[in-house]
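# Coordinates in review
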Amino acid sequence: MDKNLSTITAEKILSGFETHYKSFRESSVRAKKYFEKRQWMQLLKDSKHRIYFYDKQVKKFCKDIEKNINISQFDETLWANTKLAYINLIATCNQPELAETFYNSMFCRLFDKRFYNNNFIFVRPGISTTFIDIDNPVITSYYIKDKNLETIIKSILNSFCFNENYENIDRDAQRLAQQLIKQTNLLEGQSCELQMINSPFFRRKASYLIGKIISHNNTSQPLLIAILNDEKTGLSVDALLTDISSLSMVFSFSRSYFFINTRYPAAIVDFLKSILPTKTKAYLYSAIGLHKHGKTLLYRTFLKYSKVTDEKLIIAPGIKGMVMTVFTFPMFPYVFKVINDKFSPSKSSTPKKVKDKYFFVKSHCRIGRLADTWEFSNVAFPIRDLGSDLLKELTDKVGSSISIEGDLLIIKHLYMENKMIPLNLYINNANNEQLAHIINDYGCAIDELINADIFPGDMLTKNFGVTRQNRVVFYDYDEITPMNNPVFRKIPTAKYEEDKMASEPWYYVGPNDVFPEEFKFFMFSDHKNRQIFNQHYKKLLDVDYWQTVQNSLKQGNAKDYYPYKVEYRMSEIYNTKS
């Protein structure tokens, strides 16, 4: 066997990865410039472009590989040696874990699933990220002593070298120092250490400086400074967060990915994991825009869980969907979603349209109200893991998407998603206090979605979930659409009383017509729940409100929603709202 061909192939794949990661970093450099120049539409476009750039790179470099290798016949020795050569090449790489994922992506695009084993791909990691030789540390440490907190904070703000002036950096440093002492119970003059990630995080219209506070007894807590860039006043600190729960909301799976420019993503993720212990590395990689590697780690989590658990995969709790079949392990934190072969007659969609909807959500600014998903192909489930009811359900509902090979059930295409409590089930078991909160948040979720140019379509409570932070998140995407598509109408007055009793409407209903008055009939059947909803969100039953939102969006006035509570905003704390 010509080992040189293996080396050449490995070098080509690594070249493909390096091209990809260079483009990834360049997009983060542009994000900083867009933030400084307040070019929000360009930032949004780059955010969307970055989602599919990876797949374009994989496709491009697969074609290069095919020029030199006959892929119609699989050469086991060639590809085993190619993997070994690749391991040697990435041994000194600063992103070996991402390089392995890129290798897997190319291999899996070229070859059949029969060869998806650790002899040929990185089912398990080949290079540890623990001992990467970091030339430039990803964090800077600041020592607080002798009442120099305000001075150090000002130094931190200046260290990020934004090409824009602060409106009043002395004021912001003073406020941050005051709030840091208040939120952490830090005594004035007490020594501590601030460790800050050197690269700012960018998303939507904000920049985030992230670090942690280490006290004299070696305990630590997270630190996040949110910075906005106003057209009239320039940069200003908008909020300070120092608790895990608040940072978890900023890093929620229901929000869009960050931009961050780094040579050492593993070190960034390790640091984030130290301040957000409940977040998995799979999610944290995704959160910083490296969702393909997040997907790799998630799949490894599934493989490990499948090997050690004695649970059976079951149909997920809740009302069965008309478009997707959803299943899970009872204690596994994720669900699996497969598109059904046939939809209910009331659904006019197709499998392709459903996939397009999921991609639309992936690339849209998710504002904390749309669940992220990971898309997979050819996922193998040991048949021993499947309960009999689920196996029958999959055979009946998604027969064209499954095949059985030996003791494995292969699903051609599926999505994985964070497990949430379906809102309808949560409401059924909630006490009065929980009901008041969650029904109001349901109304808030719909209101925020439509003001961010997203019409959910089917707003039944079964299509929403409740997160660990008790936030309502939408997760049924087969009818989701931008707000310019629906035609919001008022129900015409009936000429005759008997018209209201007819089984069919007495008025014409177009394919895109929506009648907000009708929402009250399916949102809540319980009178008490309707009363709670109507206290703050009765406007969602009024066609005039929906048309007003549409008109505002047409003028480019999509609202901004901050990923933290309003009481953390400096304008709220210091009563300086404009």
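Below is a summary of the structure that appears in this document. Along each chain, the written sequence defines residue order, and numbers are assigned to residues from 1. Totals for whole chains, interfaces and linings use every residue, but because this is a predicted model, local features are given only for residues with pLDDT of at least 70 and side-chain atom pairs only at 80 or more, for both listing and counting. As a rule here, side-chain values cover all heavy atoms of the structure and leave hydrogens and water aside.

Along its length, the protein carries 18 helices and 17 strands. Expected size for 578 residues packed as a compact globule is a radius of gyration near 25 Å; at 26 Å, the protein falls within 12% of this value. If one aligns the C-alpha atoms of the protein with their principal axes, the spans along those axes are about 85 × 70 × 45 Å. Two residues qualify as a contact provided that any one of their heavy atoms is within 4.5 Å of a heavy atom in the partner residue. Intrachain contacts of the protein at a sequence separation of at least 6 include 71% that bridge at least 24 residues. The way it works is that DSSP assigns letters per residue, a run of H or I at least four long becomes a helix, a run of E at least two long becomes a strand, and they are numbered from the N terminus. In this treatment the radius of gyration is a C-alpha quantity, and the globule benchmark scales as 2.2 Å times the residue count to the 0.38 power.

For the rest of this paragraph, the subject is the environment of Asp 243. Tracing the backbone through its elements, the reader meets Asp 243 in the loop between strand 6 (234-241) and helix 7 (244-250). Filtering out sequence-adjacent residues up to four positions away, Asp 243 remains in contact with Pro 222 and Tyr 568. Two N or O atoms form a polar contact when they lie within 3.5 Å of each other; inside protein one atom must be a possible hydrogen donor and the other a possible acceptor, and for residues adjacent in sequence the pair counts only when both atoms belong to side chains. At 2.8 Å, the side chain of Asp 243 forms a polar contact with the side chain of Ser 246.

Now for the packing of aromatic side chains. For Phe, Tyr and Trp, where Trp contributes only its six-membered ring, two rings pair if their centres lie within 6.5 Å, and the inter-plane angle classes them as stacked under 30 degrees, edge-to-face over 60, or tilted in between. The tally for this structure, following the rule as stated, stands at 53 aromatic pairs. Ring centres of Tyr 305 and Phe 332 lie 4.8 Å apart, and the angle between their planes is 50°; this geometry places the pair in the tilted category. Of the two residues, Tyr 305 sits in helix 10 (residues 291-308) while Phe 332 sits in the loop between strand 8 (324-328) and strand 9 (334-339), which places them 27 residues apart along the sequence. Since its relative accessible area comes to 1%, Phe 332 is described here as buried. Three labels apply to residues, based on accessible area from a 1.4 Å probe with only protein chains included: buried if under 20% of the type maximum, exposed if over 50%, partly exposed otherwise in between.

A few words on the nonpolar core. Definition of nonpolar core: a set of buried residues of the types Ala, Val, Leu, Ile, Met, Phe, Trp, Tyr and Cys, connected through side-chain atoms within 4.5 Å. Counting 146 residues, the largest nonpolar core has Trp 79, Phe 201 and Phe 251 as its most contacted members. It is helix 14 (residues 432-451) that provides the largest number of residues to this core, a total of 9 residues. Ignoring any residue separated from it by four or fewer positions in sequence, one finds Trp 79 in contact with Thr 9, Ile 13, Ile 65, Ile 69, Phe 74, Tyr 103, Phe 107, Leu 110, Phe 111 and Phe 120. Core analysis: the second largest hydrophobic core is formed by 34 residues, Tyr 142, Ile 152, Leu 157 and Ile 213 among them.

Salt bridge criterion: a side-chain nitrogen from Lys or Arg within 4 Å of a carboxyl oxygen from Asp or Glu. If you walk through the whole model with that rule in mind, you get 24 salt bridges. Glu 164 is the salt-bridge partner of Arg 38, the closest N and O atoms lying 2.9 Å from each other. Pair noted here: Arg 38 is in the loop between helix 1 (3-37) and helix 2 (40-68) and Glu 164 is in the loop between helix 5 (149-159) and helix 6 (169-184), with a separation of 126 residues, a long-range link. In this structure Arg 38 comes out as partly exposed when scored by relative accessible area, which is 25%. Residue Glu 164 is classed as partly exposed on the basis of its relative accessible area of 23%. A salt bridge links Lys 113 to Glu 405; the shortest N-O distance between them is 3.4 Å.

A sheet is described by the order of its strands in space; here 3 strands give the open sequence 13-14-15, paired in antiparallel fashion. The sheet terminates laterally at strand 13 (421-422) and strand 15 (472-474), the two strands that pair on one side only. Sheet analysis places strand 13 next to strand 14 (residues 464-466), joined by 2 bridges and oriented antiparallel. Bridged to Ile 421 within strand 14 is Val 466. Of the strands in this sheet, strand 14 and strand 15 touch helix 14, which is tilted by about 40° from strand 15. At least two DSSP bridges between two strands are needed for those strands to be called paired. The convention used is that axes are lines fitted to C-alpha atoms, helices contributing only their stretch in contact, and that angles between N-to-C directions extend from 0 to 180 degrees.

Within the secondary structure, Lys 337 is located in strand 9. Overall, Lys 337 belongs to the buried group, its relative accessible area being 6%. Through-space distance from the C-alpha of Lys 337 to that of Glu 76 is 33 Å; in sequence the pair is 261 residues apart. Not counting chain neighbours up to four residues away, the residues in contact with Lys 337 comprise Met 324, Thr 325, Val 326, Tyr 358, Leu 414, Tyr 415, Glu 417 and Tyr 475. A polar side-chain atom of Lys 337 sits 3.3 Å from a polar atom in the side chain of Glu 417.

Here we come to the packing of helix 5 against helix 6. Here helix 5 crosses helix 6 at 120°, and the two axes come no closer than 8 Å. The pairing of helix 5 with helix 6 is recorded here as oblique in orientation. For the element pair helix 5 and helix 6, the recorded crossing hand is right-handed. Residue-level inspection shows Leu 149, Glu 150, Ile 153, Lys 154, Leu 157 and Asn 158 of helix 5 in contact with helix 6, the latter providing Ile 169, Asp 170, Asp 172, Ala 173, Gln 174, Leu 176, Ala 177, Leu 180 and Ile 181. In this count, Pro and Cys sit with the nonpolar residues alongside Ala, Val, Leu, Ile, Met, Phe, Trp and Tyr, while Asp, Glu, Lys and Arg are called charged and the others, Gly among them, polar. Taken together, the residues that form the contact of helix 5 with helix 6 break down as 9 nonpolar, 2 polar and 4 charged. An angle below 35 degrees is treated as roughly parallel, one above 145 as roughly antiparallel, one from 65 to 115 as roughly perpendicular, and anything else as oblique. Helix crossings get a hand from a simple test, with the near helix turned counterclockwise from the far one by less than a right angle marking a left-handed crossing and a clockwise turn marking a right-handed one.

This brings us to unusual backbone geometry. We note that Arg 204 has phi near 55°; this positive angle belongs to a residue other than glycine. Its place among the elements puts Arg 204 in the loop between strand 3 (201-203) and strand 4 (206-215). The class of Arg 204 is partly exposed, set by a relative accessible area of 30%. Positive phi values are uncommon outside glycine, yet Asn 378 reaches one of about 50°. Among the secondary structure elements, Asn 378 is positioned in strand 10 (residues 373-382).

A few words on helix 4 (residues 96-110). With 15 residues, helix 4 ought to run about 21 Å at 1.5 Å a step, and its terminal C-alpha atoms sit 21 Å apart, in line with that. Burial in helix 4 covers these residues: Pro 96, Glu 97, Leu 98, Ala 99, Glu 100, Thr 101, Phe 102, Tyr 103, Asn 104, Met 106, Phe 107 and Leu 110. An expected span of 1.5 Å times one less than the residue number is assigned to each helix.

For strand 4, the buried fraction is high: 10 of the 10 residues fall into the buried class. Burial along strand 4 is two-sided: the face carrying Ala 206, Tyr 208, Ile 210, Lys 212 and Ile 214 and the face carrying Ser 207, Leu 209, Gly 211, Ile 213 and Ser 215 are both buried. Note that strand 2 (residues 192-197) and strand 4 share 5 bridges and pair antiparallel. Within the sheet, the bridge partner assigned to Glu 193 lies in strand 4 and is Ile 214. From the end of strand 3 to the start of strand 4, which pair antiparallel, there are 2 residues, and Arg 204 there has a positive phi angle of about 55°. As judged from the 9 bridges shared by strand 4 and strand 5 (residues 220-230), these two strands associate in the antiparallel manner. Bridging from a neighbouring strand, Tyr 208 pairs with Ala 226 of strand 5. Here strand 4 folds back onto strand 5, and the loop between the two strands holds 4 residues, one of which, Asn 218, carries a positive phi near 70°.

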